[in-house]
Amino acid sequence: MDKREAVGSWLSGPRAAAEDAGVDFGYRGERLGLPEEGPGSIARPGRRIGALVVDWGLCLLIAYGLITHGYDQATGNWALLVFFLLGALTVGTVGFTPGKRLFGLRVVALATGRPSPLRALLRTALLCIAIPALIWDRDGRGLHDQLARTVELRI
């Protein structure tokens, strides 16, 4: 092994090095019994971020127009409260927010298929904290999904 290969394996990370050694990690969602592609597969990060941006924009618009009547320092805080209410109520009842629906995503509970209002409340509270949503497992599920025992799927 020359220096370029050694540096290249270090830069690509432990997963790439393990795959080069013959370890098979499988695809996202395989451990959960989900398909690799198409409806019912794990939602990709791009769609999830797009749905989050749409939901946040909608909540900011509601806070700006209906609560604070213009932009001031409290608009962001009100938008976070509206985001929490929107996520907890819509995910707990129909399984998706307006942004998730627009991007073809749905939140389901692993055990029952439909997230209970309590699971949706926990998931949304952890999502508002933001740190749990940034910690992912190899299936692409955030810590907020793992703790609430939910998964975000493509419709």
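Scope of this entry: the structure provided in the associated data block. (Residues numbered from 1 in each chain as written. Predicted model: local features only at pLDDT ≥ 70, side-chain atom pairs only at ≥ 80, totals over all residues. Heavy atoms only, no water.)

## A look at the pattern of salt bridges
Taken as a whole and assessed by the stated rule, the structure comprises eight salt bridges. Among the salt bridges present, the one from Arg31 reaches Asp137, with a minimum N-O distance of 3.7 Å. Separated by 106 residues along the polypeptide, Arg31 in the loop between α2 (14-20) and α3 (45-67) and Asp137 in the loop between α6 (117-129) and α7 (143-148) bring together distant segments of the chain. Of the residues examined, Asp137 reaches a relative accessible area of 22% and is grouped as partly exposed. Across the pair Glu37 and Arg44 runs a salt bridge, and its minimum N-O distance is 3.8 Å. On the basis of relative accessible area, Glu37 is assigned to the exposed category, the value being 53%. Salt bridges here are not isolated pairs; linked through shared partners, they connect Arg48, Lys100, Arg123, Asp145 and Glu152. (Salt bridge = Lys/Arg side-chain N within 4 Å of Asp/Glu carboxyl O. Helix = DSSP H or I, 4+ residues; strand = E, 2+ residues; numbered from the N terminus. Buried < 20%, exposed > 50% of the residue type's maximum accessible area, 1.4 Å probe, protein only.)

## Some details on the packing of aromatic side chains
Each pair of aromatic rings is reported with the distance of its centres and the angle of its planes. For the structure on display, the rule yields one aromatic pair. Look at Trp56 and Phe83: their rings are 6.0 Å apart centre to centre, the planes differ by 65°, and that puts the pair in the edge-to-face class. With a gap of 27 residues between them, Trp56 in helix α3 and Phe83 in helix α4 (residues 75-93) connect regions that are remote in the sequence. The exposure class of Trp56 is partly exposed, given its relative accessible area of 31%. Classification of Phe83 as buried rests on a relative accessible area of 8%. When the ring centre of Trp136 is taken as reference, the NZ or CZ atom of Arg48 above it lies at 5.6 Å. (Phe/Tyr/Trp six-rings, centres within 6.5 Å; stacked < 30°, edge-to-face > 60°. Lys NZ or Arg CZ within 6 Å of the ring centre and 35° of its normal.)

## Quick word on a nonpolar patch on the surface
Together, Leu58, Ile62, Leu66, Ile67, Trp78, Leu81, Leu85 and Leu89 make up a nonpolar patch on the protein surface, roughly 700 Å² of accessible area in all. Among the elements of the structure, α3 and α4 are those that each provide at least two residues to the nonpolar patch. Mapped onto the elements, Trp78 comes out in helix α4. (Patch = residues over 30% accessible without salt bridge, like charges linked within 9 Å, V, L, I, M, F, W, Y side chains within 5 Å. Areas by Shrake-Rupley, 256 points an atom, 1.4 Å probe, with all protein chains shown as cover.)

## Here's the deal with the nonpolar core
By size, the foremost hydrophobic cluster in this structure holds six residues: Cys59, Val82, Phe83, Leu86, Leu127 and Ala133. Counting five residues, the second largest nonpolar core, distinct from the first, contains Leu34, Val108, Val151 and Leu153. (Core = buried A, V, L, I, M, F, W, Y, C linked by side-chain atoms within 4.5 Å.)

## Side note on unusual backbone geometry
The phi torsion at Ala130 lies on the positive side, around 80°, for a residue other than glycine. By secondary structure assignment, the location of Ala130 is in the loop between α6 and α7. Of note in this structure, Arg149 is not a glycine but carries a positive phi near 55°. Examined against the element boundaries, Arg149 turns out to sit in the loop between α7 and β2 (150-154).

## A word on the pairing of strand β1 (residues 105-109)
Residues in a regular strand point their side chains to alternate faces of the sheet. Of all five residues in β1, four are buried; the element is thus mostly enclosed. Relative to β2, β1 runs antiparallel, the two being bridged by five bridges. What sits directly across from Val107, in β2, is Glu152. (Pairing = 2+ DSSP bridges.)

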